[in-house]
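# An overview of the molecular structure
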Amino acid sequence: MMDADPDTDRFEEMPDHLQSGLTQNPLEKIWVPWMSSRLSRRRGSSVPQFTNSPTMIVMVGLPARGKTYISKKLTRYLNWIGVPTKVFNVGQYRREACQSYKNFEFFRPDNEEAMKIRKACALSALKDVSIYFSQDHGQVAVFDATNTTCERREVILFFAKENGYKVFFVESICDDPEIIAENIKQVKLSSPDYLNCDKEEAVADFLKRIECYKVTYIPLDDDKDRNLSYIKIFNVGSRYLVNRVQDHIQSRIVYYLMNIHVTPRTIYLCRHGESELNLVGRIGGDSGLSPRGNKFAAALGKYIRSQCIPDLRIWTSHMKRTIQTAEAVGVTYEQWKALNEIDAGVCEEMTYEEIQENFPEEFALRDQDKYRYRYPKGESYEDLVQRLEPVIMELERQENVLVVCHQAVMRCLLAYFLDKSAGELPYLKCPLHTVLKLTPVAYGCKVESVFLNVEAVNTHRDRPVCDEPQCSQTPPLRHSRAQPMASPAPTKAPCLEDLGLTELSLENVSVDRDAEDALVTVPDHI
Amino acid sequence: MSACLQRDTGLSGSAEAKRAEPRANEKKCSWASYMTNSPTLIVMIGLPARGKTYMSKKLTRYLNWIGVPTKVFNLGVYRREAVRSYKSYDFFRHDNEEAMKIRKQCALVALQDVKVYFNEEGGQIAVFDATNTTRERRDLILNFVKENAYKVFFVESVCDDPDVIAANIMEVKVSSPDYPEAHRERVMDDFLKRIECYKVTYQPLDPEDYDKDLSFIQVMNVGRRFLVNRVQDYIQSKIVYYLMNIHVHSHSIYLCRHGESDHNLQGRIGGDSELSPRGKQFAAALREFIEEHGLSDLKVWTSQLRRTIQTAEALGVPYEQWKILNEIDAGVCEEMTYDMIQSTFPEEFALRDQDKYHYRYPGGESYQDLVQRLEPVIMELERQGNVLVVCHQAVMRCLLAYFLDKSADDLPYLKCPLHTVLKLTPVAYGCKVELFHLNVEAVNTHRDRPLPRVAGGCMNPCVKESTLTAQKKLLTASASE
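Position labels on residues start from 1 in each chain and follow its written sequence. Lettering of chains starts at A and numbering of ligands starts at 1, both following the order in which they are written. Local features in this predicted model are restricted to residues of pLDDT 70 or higher, and side-chain atom pairs are both shown and tallied only at a pLDDT of 80 or more, whereas totals for entire chains, interfaces and linings draw on every residue. Note that water and hydrogens are dropped before the side-chain values are worked out from all heavy atoms of the structure.

## A short note on the overall build of chain B
Only DSSP runs of H or I with at least four residues qualify as helices, and only runs of E with at least two residues qualify as strands; both kinds are numbered from the N terminus onward. In terms of regular secondary structure, chain B is built from 15 helices and 13 strands. Burial classes: relative accessible area under 20% of the type maximum marks a residue as buried, over 50% as exposed, and values in between as partly exposed (1.4 Å probe, protein chains only). Counting all 481 residues of chain B, 58% fall into the buried class. Between two residues, a contact is recorded if the distance between any of their heavy atoms is within 4.5 Å. Contacts spanning at least 24 positions in sequence make up 72% of the contacts within chain B whose residues lie at least 6 apart.

Structure, rendered in structure tokens:
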């Protein structure tokens, strides 16, 4: 690194092109200019930021067309890849405003009083959208409502224009009565609106509700709306109409929406069997399975066969231990380099004790912000998420899949399916010899944990302990650029998360901590 | 550590390995190609001058680059073979029975060639570039596909903007072999009449009824609007994504490496060293270069390694760092000189020279891995306008191979010297390349292919300093049918 003179005046006298002294941010290992020049903006991020103006995604469609399903799923995906996104569900605002729902009459187009309330709710939600963008560093807001009239869409377009937001419509069109009936069954019957209702009554009422909307529904028009940016989804994805995609994020959204489906299926996630390096507490490397690991592989084969899964795809990484594990299942498998374990750079094949001894500062930094910490000459969890995005995209396309991978990788994949924040992700428990069975259900994912009864070492390091219980719940420092977070709960009140600094002294993460303190979270090994 | 020439199952020596190996070798090596099982026929549809050939060639270039063997079958080429000289648009009148016979025959011959390409030449995707504007013709193709158990995906280009059509005609039809004297007005006139002949019998895809079970994308008005129907699989989904991201606006892409680094001076590969004094001079020269060229809205991208960032810092404009633009990871060989690699890992060194594209450094990457890593960069370059990418030797070779349609064989030997900027401008069906040596001396980091190549073909864009147009396999801009 160039010798930057502590006397800043002299340094600033040097012509710009010689001030090429860079300094490396110790946490993420990103090079940034030593002196702040007039161009200094925080440029350090593992992925370029392509979103400039905030974007509103506006859902359009009759009830029970999957708008909320799409809203939630899209939001989960965008947050996972690092674009702060939040859903604003107008139905929830309405439920807050009118304490109890009586029946479909509320939705009759001639019910003036109700109309007033509904419009007020929409405006209140829009107001929260602008707070989310201007104060909460949001990038994308998903406006989840029927938005079935031109008038309502005009209100939204006007609001967006006033505030300099981009707008992208997502219209879901479906006339298959079976699909609609299934939707009603899966998510409407359990809605707070129908809490104490008899099932048949609820269905009948809901169908009448849909009829109310049909009267005034005007779909996006090929001609009149030709200057708007939108995607129309027909019959749960058999056909799409895409108009005027404006930018990178809209293009990614379109790609994602075109790859998801609702066919029931199951995803199995597990790690390779216990490896030789696992046994001695070393991270990374490319070792083979231990004897117990081999036992697990056999047990996995047996388990998979017992599940009688039709058309199961099996994916592994390029590392020996996952391949050996998959071999035992006896079905063809595909290898993805993208599924390789996180690259620990200079710390590859070390034990945590050795890392503490040789790189105590690095070890502490990692505990300070495990998600964004990048090993020297290695990767961070954040890098891993970017690397795994094509895997997630393909998992969405596929049906039944078994993914045999690694601890950090499995945490990232799990965080996607279970909508975990960047703060939680690196601490998700993914023990060896345990299969997680994920089944999509309603708006989320059911998880079953199946331990295959073969003992293994524990490789999990908990978040370092701190004195105050809330500490570990605080999300990591939020910087000016995008950072993945869990989709904030879609409540009416704006999210008033505690964004304050984590007091490092309360957590056992200080660079000056004792070796003994540092190693408290390290599990036992040979 | 075992040599990693191809996808390594990681099993060495044991009986298990022997059992596993044959199965492992059956697996197709390319990460993308595994996901295409049956070969796929992509069928273009559209009136003349709707960009079918443009899309065919571009799509083919992209698919080959990501590792899916793809080839274009342009019916116009077959027709020109069958009918030695083109006289006038009368050939295309739908009541010209003799011509109709010839044209149908050409289609059948082309389909036979598709079959050979799939069954005998290892092809995965064939792009059938023709107007295919009648249901009759498309039914013929559908029968062919069904008989042979291929998948089929239609790409229809619909355009009613007269300015776009006129511009297309001027750009590619005027230089077509059909119009040797290229008298502009005559060409325009004849070609427009040719289009009219097709319009009479044109039956666009009908998503509501007749064609609702087909898999296709309709591209409307050069990408303003798309209709996508029944995407069947991974590769069709990627094709749709690609077609939705390309545009035809004029723009230029500038590729260069970082300035000479300290490691370069020492002959070391990889690492994260700083710019040498000459490297810093280059950065300054690059700044002047940008100013001279007065590029509005130029985006600058770098990797996350020091040397590219230092180079970009000197430019005085905002830039974005991409980790995926980092140089190829040489694994255990990082920061060694080639001499050190030769003495420490002689076997690895030899293996690399045997198949430089597929060879993966132990604990590191291969060029093939690099291509996969760079795919989002290419996709974003397609979306953007003017971009300057400050990167590294291996990375630049991969990007260049995409733009200039270089094979996996040629890619690792493309010449990308230090202190040289390549300016790529899309033109007609290809890419114009201009080379700018920025007059700052640097070491040479290029290793030539070890054995002389017998068969020709590696057109080195970096050899000459004058403007040259990269040679394409089908040099002539082809009119459809």
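## What to know about empty space enclosed by the protein
Residues and elements named next belong to chain A. Using a grid of 1 Å spacing that covers the protein atoms alone, one calls a set of points a cavity when a 1.4 Å probe fits there but cannot get out, and a pocket when the set is open and has protein on both sides within 12 Å along at least five of seven lines; lining residues are those with an atom within 4 Å of a point. Grid points are joined across faces, edges and corners, and a volume is the space filled by probe spheres set on the points. Within this structure, the stated rule accounts for eight cavities of 30 Å³ or more. Taken as a whole, the largest cavity spans an internal volume of roughly 420 Å³. Looking at the largest cavity, it is lined by 31 residues, and the ones nearest its centre are Arg282, Ile283, Gly284, Tyr352 and Gln407. Among the elements that make up the lining of the largest cavity, the one with the highest residue count is helix H15 (residues 407–418) (three residues). Residues are grouped as follows: Ala, Val, Leu, Ile, Met, Phe, Trp, Tyr, Cys and Pro are nonpolar; Asp, Glu, Lys and Arg are charged; every other residue, Gly included, is polar. Across the lining of the largest cavity, the residue classes break down as eleven nonpolar, eleven polar and nine charged.

## Some thoughts on the UniProt feature "binding site: substrate" (unreviewed entry) in chain B
Residue and element names in this part refer to chain B. UniProt positions are given in the numbering used here, feature names are shortened, and annotations may be inferred rather than shown by experiment. Within this numbering scheme, the UniProt entry marks Arg257, His258, Gly259, Glu260, Ser261, Asp262, His263, Asn264 and Arg307 as carrying the feature "binding site: substrate" (unreviewed entry). What stands out for the annotated residues spanning 51 residues is how close their C-alpha atoms remain, the widest pair being 14.1 Å apart. As for its position among the elements, Glu260 is in the loop between strand S7 (253–257) and helix H9 (262–266). For Glu260, a relative accessible area of 1% puts it in the buried group. Not counting the four nearest positions on each side in its chain, Glu260 is found in contact with Leu265, Leu275, Ser276, Arg278, Gly279, Leu418, His419, Ala442 and Val443. Whenever two N or O atoms come within 3.5 Å, that pair is a polar contact, provided that in protein one can donate a hydrogen and the other can accept it, and provided that, for residues adjacent in sequence, both atoms are side-chain atoms. Within the structure, the side chain of Glu260 is placed 2.7 Å from the side chain of Ser276, a separation counted as a polar contact.

## Quick word on the domain arrangement of chain B
All names here are of chain B. Note that domain bounds follow an automatic or database assignment of domains. Entries for chain B in the domain assignment read domain 1 (35–245) and domain 2 (253–437). On a C-alpha basis, the centres of domain 1 and domain 2 stand 36 Å from each other. Note: buried area is the sum, over both parts, of the accessible area (probe 1.4 Å) each one loses when the two are combined. At the boundary of domain 1 with domain 2, total buried surface from both sides reaches about 1,600 Å², with 61% on carbon and sulfur atoms. Considering only the side of domain 1, the residues that lose the most area to domain 2 are Arg61, Trp65 and Asn245, jointly responsible for 49% of the buried surface there. Here a salt bridge means any side-chain nitrogen of Lys or Arg lying within 4 Å of a carboxyl oxygen belonging to Asp or Glu. Counting across the interface, domain 1 meets domain 2 through two salt bridges.

## Focus: the sheet that holds strand S9 (residues 267–271) of chain A
All names here are of chain A. A pair of strands is labelled paired if DSSP reports no fewer than 2 bridges between them. Spatial ordering of the open sheet is given by S11-S10-S12-S9-S13-S14, a layout of six strands whose pairing is mixed. Each edge of the open sheet is held by one strand with a lone partner, namely strand S11 (334–335) and strand S14 (444–451). Where strand S10 (residues 313–316) meets S11, two bridges bridge the pair, whose relative direction is parallel. Bridge pairing in S11 links Thr316 to Gln335.

## Regarding the packing of aromatic side chains
How two aromatic rings sit relative to each other is given by the distance of their centres and the angle of their planes. Any two rings among Phe, Tyr and Trp, with Trp reduced to its six-membered ring, count as a pair given centres within 6.5 Å; such a pair is stacked if its planes are under 30 degrees apart, edge-to-face if over 60, and tilted if neither. Tallied over the full model, the rule gives 32 aromatic pairs over all chains. Aromatic side chains B:Trp301 and B:Trp322 sit 5.0 Å apart centroid to centroid with 50 degrees between the ring planes, which places their arrangement in the tilted category. Here B:Trp322 lies in the loop between strand S9 (320–321) and helix H12 (338–344) and B:Trp301 lies in strand S8 (residues 299–302), a separation of 21 residues in the sequence. Comparing B:Trp301 with B:Trp322, the two get one shared label, buried. The ring of A:Tyr352 is capped by A:Arg461, whose NZ or CZ atom sits 5.0 Å from the centre of that ring. Charge over a ring is defined by NZ of Lys or CZ of Arg lying within 6 Å of the ring centre and within 35 degrees of the ring normal. The ring of B:Tyr338 carries B:Arg447 above its face, with NZ or CZ at 5.0 Å from the centroid.

## What about the packing of helix H4 (residues 97–120) of chain B against helix H5 (residues 135–148) of chain B?
Residues and elements named next belong to chain B. Here an axis means a line fitted to C-alpha atoms, over the contact stretch when the element is a helix, while the angle between two N-to-C directions is reported on a 0 to 180 degree scale. For the pair H4 and H5, the least separation of the axes is 12 Å and the interaxial angle reads 25 degrees. One finds that H4 runs roughly parallel with respect to H5. For H4 against H5, the interelement crossing comes out right-handed. Note on element contacts: H5 touches H4 through Arg137, Leu140, Ile141, Phe144 and Asn148, opposite Arg103, Lys104, Ala107, Leu108, Leu111, Val114 and Lys115. Each residue belonging to the contact of H4 with H5 can be placed in one class, and the counts come to seven nonpolar, one polar and four charged. Any angle from 65 to 115 degrees is called roughly perpendicular, while one under 35 is roughly parallel, one over 145 is roughly antiparallel, and all others are oblique. The handedness criterion is simple: a crossing whose near helix is rotated anticlockwise from the far helix by less than a right angle is left-handed, and one whose near helix is rotated clockwise is right-handed.

## A word on the pattern of salt bridges
Counted according to the given criterion, the structure contains 46 salt bridges over all chains. The shortest N-O distance in the salt bridge between B:Arg79 and B:Asp178 comes to 2.9 Å. Of this pair, B:Arg79 sits in helix H3 (residues 75–82) while B:Asp178 sits in the loop between helix H6 (162–173) and helix H7 (184–201), and the two are 99 residues apart along the sequence. There is no split in this pair, since B:Arg79 and B:Asp178 are both buried. Among the charged side chains, a network of salt bridges with common partners joins A:Arg94, A:Arg95, A:Asp193 and A:Arg209.

## Considering the pairing of strand S2 (residues 70–74) of chain B
Residues and elements named next belong to chain B. For S2, the tally of buried residues reaches four of five residues, placing the bulk of the element in the interior. Strand direction decides the pairing type here: S2 and strand S3 (residues 125–129), joined by five bridges, are parallel. Pairing of Thr70 across the sheet is with Ile125, part of S3.

## Some thoughts on the confidence of the model for chain A
In predicted models, pLDDT denotes the confidence assigned by the predictor to each residue on a 0 to 100 scale. With 85% of its residues at a pLDDT of at least 70, chain A reaches an overall mean of 86. Segment residues 1–11 of chain A is flagged for pLDDT under 50; beyond a separation of four residues in sequence, or across chains, it makes 21 contacts in the model.

## Topic: the sheet that holds strand S4 (residues 85–89) of chain A
Sheet architecture is open: twelve strands sit in the order S4(A)-S5(A)-S3(A)-S6(A)-S7(A)-S8(A)-S6(B)-S5(B)-S4(B)-S1(B)-S3(B)-S2(B), paired in mixed fashion. Edge positions in the open sheet fall to S4 of chain A together with S2 of chain B, since each of these has one partner strand only. The average undirected angle you get between the axes of adjacent strands in this sheet is 15 degrees. Across the sheet, helix H8 (residues 248–259) of chain A is in contact with strand S3 (55–60), strand S6 (166–173), strand S7 (230–234) and strand S8 (239–243) of chain A together with strand S6 (225–229) of chain B; its angle to S6(A) comes to roughly 15 degrees.

## A closer look at the packing of helix H2 (residues 67–81) of chain A against helix H14 (residues 381–397) of chain A
For any two helices packed against each other, the geometry is given by the interaxial angle and the distance between the axes. Residue and element names in this part refer to chain A. With their axes 10 Å apart at the nearest point, H2 and H14 run at an angle of 155 degrees to one another. The pairing of H2 with H14 is recorded here as roughly antiparallel in orientation. Contacts between H2 and H14 pair Lys73, Tyr77, Trp80 and Ile81 from the former with Val385, Gln386, Leu388, Glu389, Ile392, Met393 and Glu396 from the latter.

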